[in-house]
Amino acid sequence: MPASAKKRVHPWPVRLCHWLNVLVMVGMVMSGWGIYNASPLFSFTFPAFLTLGGWLGGNIAWHLAVMWLLFVNAAIYVLWGLFSGHFRRRFFPFTPASVLRDIGQALRFKLPHQQGHYNAVQKLLYVGVLILGALLVLSGLSIWKPVQFSQLVALFGGFDIARYVHFFAMSGVMLFVVVHVVMVLLVPKTLPAMITGGRRETPTDE
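Per an unreviewed UniProt entry, the chain carries the name Conserved uncharacterized protein and comes from Erwinia billingiae. Looking at the chain in UniProt, the text filed under Subcellular location (unreviewed entry) is "Cell membrane". The record held by UniProt for the chain lists under Sequence similarities (unreviewed entry) the comment "Belongs to the HupC/HyaC/HydC family."

Okay, structure coming up:
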């Protein structure tokens, strides 16, 4: 007979990497804005109080220090996600049709939310932010060591273009964060599960 079992909504590796990522991303963004201010790509700069490091050398030192924490945290999350099947179960499958359907439901405020299950839009966003993360790493290496990674720089089309890729990839990640926070505010019941792990009913066969 079918029965029900309790299962964690968010396993502990997801929760650990999630909250560590919050801290390191703050450091990466603030130090990165300081580096940007030293040689702006556009006609604006970020307020000094939103930067980390105090001056260019300090910005770079913080950026590189936090970068290693971010790399280790991301590597743990990606490897665990791949080998545990987390990515396959949570992020796939989705299709353009399912994304358009869920966007339509969201705009009409009729998109259902089931704890522990991602809709097509969420799946697309999570896969997208993982791709942006890869672009950030590759473009960041190109900017950091353009001589040692000259072939990578060439793949981006040059050092200057790598800087633009890095900037827009980070902007994409920040947009994801804004959407993520807005969604949590709209559905606040999802937050406790990211702290405690939460539990949901799953059917099992006895």
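Caption draft 1: A nonpolar patch on the surface, seen in detail. Together, Leu-125, Leu-175, Val-178, Val-179, Val-182, Met-183 and Leu-186 make up a nonpolar patch on the protein surface, roughly 610 Å² of accessible area in all. The biggest single contributor to the nonpolar patch is helix H7 (residues 159–186), with six residues. Among the structural elements, Val-182 can be located in helix H7. Taking relative accessible area as the criterion, Val-182 reaches 39% and is therefore assigned partly exposed.

Caption draft 2: Looking closely at the nonpolar core. In terms of nonpolar packing, the biggest core is built from 21 residues, with Met-25, Tyr-77, Phe-91, Met-170 and Val-173 touching the most fellow members. For this core, the secondary structure elements donating two or more residues are helix H1 (12–38), helix H2 (56–83), helix H3 (86–91), helix H5 (120–144) and H7. Each of domain 1 (9–40 + 47–92) and domain 2 (95–109 + 117–189) gives at least three residues to this core. In this view, Met-25 contacts Leu-70, Met-170 and Val-173; residues no more than four positions away in its chain are not counted.

Caption draft 3: Structural view of the packing of H1 against H7. Here H1 crosses H7 at 135°, and the two axes come no closer than 12 Å. When the interaxial angle is binned, H1 and H7 end up oblique. Crossing angle aside, the handedness with which H1 passes H7 is left-handed. For the pair H1 and H7, contact is made by His-18, Met-25, Val-29 and Tyr-36 and by Phe-167, Met-170, Val-173, Met-174 and His-180, respectively. When the residues that make up the contact of H1 with H7 are grouped by side-chain class, the tally is seven nonpolar, two polar and no charged.

Caption draft 4: Region of the structure containing the UniProt feature "transmembrane region" (unreviewed entry) in the chain. Per the UniProt record, "transmembrane region" (unreviewed entry) is found at residues 16–36, 60–83, 124–144 and 164–187. In residues 164–187, the share of helix is 96% and the share of strand is 0%. The end C-alpha atoms are 34 Å apart.

Caption draft 5: Quick peek at the environment of Met-28. Along the chain, Met-28 turns up in helix H1. Excluding its chain neighbours within four sequence positions, the residues that come into contact with Met-28 are His-63, Val-66, Met-67 and Leu-70.

Caption draft 6: Up close: the packing of helix H4 (residues 96–107) against H5. At a minimum axis distance of 7 Å, the contact between H4 and H5 shows a crossing angle of 115°. Along its contact with H4, which presents Ser-98, Val-99, Asp-102 and Ile-103, the element H5 presents Ala-120, Val-121 and Leu-124. In the contact of H4 with H5, the residues fall into five nonpolar, one polar and one charged.

How each quantity is defined
Residues numbered from 1 in each chain as written. Predicted model: local features only at pLDDT ≥ 70, side-chain atom pairs only at ≥ 80, totals over all residues. Heavy atoms only, no water. UniProt positions renumbered as here; feature names shortened; annotations may be inferred. Patch = residues over 30% accessible without salt bridge, like charges linked within 9 Å, V, L, I, M, F, W, Y side chains within 5 Å. Areas by Shrake-Rupley, 256 points an atom, 1.4 Å probe, with all protein chains shown as cover. Salt bridge = Lys/Arg side-chain N within 4 Å of Asp/Glu carboxyl O. Helix = DSSP H or I, 4+ residues; strand = E, 2+ residues; numbered from the N terminus. Buried < 20%, exposed > 50% of the residue type's maximum accessible area, 1.4 Å probe, protein only. Core = buried A, V, L, I, M, F, W, Y, C linked by side-chain atoms within 4.5 Å. Domains from an automatic or database assignment. Contact = heavy atoms within 4.5 Å. Axes fitted to C-alpha atoms, helices over the stretch in contact; angles between N-to-C directions. Parallel < 35°, antiparallel > 145°, perpendicular 65-115°, else oblique. Left-handed = near helix turned anticlockwise from the far one by under 90°. Nonpolar A, V, L, I, M, F, W, Y, C, P; charged D, E, K, R; others polar.

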